[in-house]
Structure formats: C-alpha cells, structure tokens
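Summary of structural features
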Amino acid sequence: MGVGIELVHDGTAAEIGPTTGGAPSVGAARADGRAHGGFERFFHEQYPVVLRIAYGVVRDAHLAEDVAQDVLIAAQRRFPDPLGSSHAAAWVRVAASHLALNSVRGRRRREDRHGRARMPCAPAGPEEIAVVREEESQLRAALARLPRHSATVLVLRHSGLSYAEVAESMGVKIGQVGTMLRRAEAALRKELTRKEVDRDVRAPRS
Amino acid sequence: MYARHVPDGRLRRLLDEPFAVPDRDVAHAGRCTRCRARLEAIAGDASSARRLVAAPAAVQDLDVAWTDLAARAAGPRRVAALRGAPRRRWRLAGTSLGTGASVAAVSVAVAGIAAAATLTTVFAPTAVVPVPVSKADLQPLAALLRLAKGSANAFAQPSGSSALPFGTVSWSSSGHGEKVASLAAAEAATGVTVSLPATLPAGVGAPSSYFVAPKLTATVDFDSSAGAALSGSTLVVTIGPGVAVSYSGSGGVSGVVPLAVAAVERPVATSSGATTSELESFLLSQPGVPSDLAGELRLLANPSTTLPVPVPPGASSSTVTVDGSQAVVLTDQSRVASGAVWVGGGDVHVVAGLLDAKDLLGVARQVG
C-alpha cells in the first residue's frame, strides 16, 4: 500500500489517501545500474525547491523533509520519466504546497507541544525564539484558513519561484500571477490582523 | 496621452520583476500619486508576506536525502506523515502491526522497527577533497583499527570479526574479488557501469583485465570504552561493489599497467544513536591520530558528504572539474604517474596511470 496524491491542477483540492500498488523502487534503481538515473537527476533538481516550499508552510525541518520525500516518492510512481515530462516539475511543486498545507490544517490544535526543528537561522535568545514561534504558529494557522490557491501562490512565490514558474506550476497565465499574489498577500494580512484582534478581544476576559 | 491606472497585479509584479512590466506602466506608476499610494500598500503587504513565508535556503544534503528516499521507498509504507503529530522520520503506523498478531511477532517487529528507526546516514560522500598525509601519519592511523601488519590479513577473509580498543568490528562481503572475462561480465556481476575512454593517450593499448570487487559491509559496535555518546551505538559502513579495468601498454611491454579505470559504489555509513559530529570527534581524538591530520579533517566543511583523498608525501594535488564534479588530481614528484578521484552518480571514480596530469585528465573526462 502506498500513499496516493491526487491534485486538481487549479489548486482547489488535494487528497491524500492509501492507494494500491508497489512502493517506488528507488533502492532498486541503484541496483539496476542506471535505469532510473533520470529520476535521480530529477530528484536532485527538484528536491531543494520542494523542501523549501514545504518548509515555507510547515516551518519544521523534519516535517518539511517528510513532505518533500512523500511528494518525490509519489512523483516517481506518477512520472516514470520525469525529465521527459512537461509538467512533472510543476506537479511536485504544487503537490508540496498542498501536502504541506494539509499537514498544518491537521496540526493547528497541536501547536508547539514539541520543540520543532528549524532551518539553521533561528535566533538565539529565548524571547526572540518565543516571538518567532508565535509568528510561525499564526502564519500556519493563517495559511490554513486562506483559500487553497491563495496559500499556494504565496508559498510558491516566496519559496523563490519566478512568476513564470509559479504560473507553470499552478496552470495559470503568467499575467494572472501578480493579481493572485497581490490578493493572497492582502488576504494574509487580513487573516493575521483578524487573529490579533480576536486575541486582543479575548485577552481581557481571561 | 491619458494612461490608465496600473492594475494591482502589475504593480505587484513591478516589485519583483520590474523588467517584465511594460514601460508605460512603470512611467505611469512613477508619476501617478494614486498608483504610487497603491504601490506602497502592495509593497507593505508583500514585504510582510515575504518576511513571514520566505523559507531559508534548504540545507539538507541531497545525497543523504536521496538515500533516505530509497530507504523510505523500500521500507514499509507510512500512511502520511502529514496527518499526525510532529515526529521524526521513520514513524510507522502502530495499526499496521495488526491486532491479531501474536505477542511474540509484535515484539520482534517492534524491535526491528526500533532498530530501523534510529538509523541515520552519517556519511555519504558527494565530493572529494585532498588531505595531505605524512609518513608519520600513516602508521598510527593503520594501528588505530589494528589493521597494520598481521591484523590486516583478517580482512582478506570474506567475513569475520575483530576486537577494537572501543568495541568490535565485524564484516562481511558479497563474494570474492576476482578477475572476470569482460567488462560486460564485470558490470553484470556488480551493477556498476564503467564508461571506457574512446580515445587513449600515446603508449596506452587495449583493456587487458577486468576485476570486480564485492560489496563489503563492516559493522562497528561501540562499547563503553567509546564514551557515553557512542556507547551502545552501531556504525555500519558499506562500500562497493566496484569494477576496475586495467590497460596494457601499446608497445608490447608486459608487466606495466599504463592506465587503470575504476568505479566503486561510494561508501555509505549509517549509525544508530550517534551523529556525524560525535563519531568524528571520537575517531579524531583517538590516541595515534596525528593532531595535524585531525585538524585538517576537522576543517572539512561538511564531513558527512566529503570524501578525504589522502595526498601521500611527495605527491602534489590539485582540483579540477570532471563531469560537473570536483575531482582531486594527484601527481607524483617526477610527474610520471598521476591519478584522479571524484564522486559522481553515486560512485567513486578513479583513473590512474603512468601518465602526466594532462593525459590523465583527458581520459578522466571521457570516463566521467
């Protein structure tokens, strides 16, 4: 049994669920000589991007690795010849965003009971760490509340993809990316502001 | 001429990719107070979003990630990392153990999973770097693992074990190193492919012999002598299999090998319970490890992905690019013999011969 990922290319839905079929044979690829050398190259090209996209959402290095690896395993099954595919790269990027967003939706109520592993740039002081964690927690919650395509365009663009790459990944025209991004950034601000207002309103009661 | 206000999306793109925005829009945004005000608001939101969302550059080593992927794909499938609580990799669904299984079977499975759960790749080189080694360095290094002199013969056996000052080492190999009839036979036996050079330097004849080396797995079990950090942990190192091809001289001179080409699956080390830095710190602090050499090795930027290539006394080293990878080229004092080592495609490649560095590189770049 494997993990199946089904994406609707406009970014409106992503499902994860069990599927039948053998596990991808990355290990076997090595043993087969270079039969899957194409996928290894694809992996080397795309993994850093996928990892960055996942980390942009989940803010946890280990969980981002999990997301990235699940996406690449699924991609291997879906694209036997990813370098020859015109949309394998786009698929893994959007899949990373969707899977990461799914994961934070499932985690929203389990915030920070465990120390999370971060990419190595975390501030040193405990107060700064607390501030960053609070921000990250709010960001995850806000991303989870945004419409899927808004969260996706934010994550893809701010993981370093160009407008052309974002457009290709999301299956939209390049001229739409700026508009989508603008709306998503405004929506993110509103979500974060609303959260702050909610907190301020609740605070006096407690 | 009247110009329309610039749409939000185009103003947003102006911040990131200004050359992609038509000149007339750029000019308009520069002189229109209303568009400038919108641009400021858009820039504020964009800046906040970037600060919050932009992830730092990924740091995970790609080859380690590739190894992890292979292990995950080969292992029992997890049903989504993405649904549960934060966890380390290798988490397995408890339900997969099956409610009807016997207690004994469950215990064995749990023990196996527990062992697998803690395995971490601590060494999987993707690059090479020259490390000078003096004559004084070599002897104590060999003594460190009791491989010097008589003890070294133990490794000639396909499997066995030996005591170490800090535990035990046991090893096994997938067969014997042997000479085979052809390159095809060597590749079939090992799964390692070797590209032979189409053009050879003067003095080098045809391929004359083909050798295969088995896959060797060595396991070091650290005991309490290794200290608290390593005690009870296990280090598993695999290397090989590999293929070597030697060439004869073109002048009919026998007994001289002017060129040899080899490829070996890169060594990979996994550890249960110890990190790369703990292992490095322990091994380099062992009595007998020369402090200069230890210092050189500690300077390696990423010891888990860097294969040190020893540069013997009298040899000189340089680094060049072969097939997109950094290669270390060693040349002897007389400049008669040279060798190149690099890591590419998951293999360690070696080309060596009685050639000057230029001819040798000519061969290496065909092989790479």
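Heads up: the structure comes first, above all this text.
Treat the numbers as computed from the prediction; the structure is a model and nothing was measured. (Residues numbered from 1 in each chain as written. Chains lettered and ligands numbered in written order. Predicted model: local features only at pLDDT ≥ 70, side-chain atom pairs only at ≥ 80, totals over all residues.)

Details of the overall build of chain B
Assigned secondary structure in chain B consists of ten helices and 16 strands. Every one of the 368 residues in chain B was classed for burial, and the buried ones make up 29%. (Helix = DSSP H or I, 4+ residues; strand = E, 2+ residues; numbered from the N terminus. Buried ≥ 20, exposed ≤ 12 C-beta atoms within 10 Å, placed from the backbone.)

A few points about the pairing of strand E11 (residues 268-272) of chain B
Residues and elements named next belong to chain B. Every second residue of E11 is oriented toward a common face, the buried set being Ala269 and Ser271 and the non-buried set Val268, Thr270 and Ser272. For strand E8 (residues 234-239) and E11, the ladder comprises five bridges, and the chain directions are antiparallel. Looking at E11, one finds that valine 236 is bridged to threonine 270. (Pairing = 2+ DSSP bridges.)

What about the sheet that holds strand E9 (residues 242-249) of chain B?
Residue and element names in this part refer to chain B. The eight strands lie next to each other as E5-E6-E9-E10-E16-E15-E14-E13, forming an open sheet whose pairing is antiparallel. One side of each edge strand has no neighbouring strand; the edge strands of this open sheet are strand E5 (178-180) and strand E13 (316-322). Sheet twist, expressed as the mean angle between neighbouring strand axes with direction ignored, is 20°. Here strand E10 (residues 259-265) pairs with strand E16 (residues 347-353) via seven bridges, running antiparallel. Across the sheet, the residue bridging to valine 261 is valine 351, located in E16. (Axes fitted to C-alpha atoms, helices over the stretch in contact; angles between N-to-C directions.)

A short note on the packing of helix H6 (residues 148-158) of chain A against helix H7 (residues 163-170) of chain A
When two helices pack together, their arrangement is given by the angle between their axes and by how far apart the axes lie. Residues and elements named next belong to chain A. It is at 9 Å that the axes of H6 and H7 come closest, and there the two elements cross at 140°. Taken together, the axis directions place H6 and H7 in an arrangement best described as oblique. Here the hand of the crossing between H6 and H7 comes out right-handed. Of the residues in H7, those touching H6 at Thr152, Val153, Leu156 and Arg157 are Val166, Ser169 and Met170. Here the contact of H6 with H7 is composed, by residue class, of four nonpolar, two polar and one charged. (Parallel < 35°, antiparallel > 145°, perpendicular 65-115°, else oblique. Left-handed = near helix turned anticlockwise from the far one by under 90°. Contact = placed C-beta atoms within 7 Å. Nonpolar A, V, L, I, M, F, W, Y, C, P; charged D, E, K, R; others polar.)

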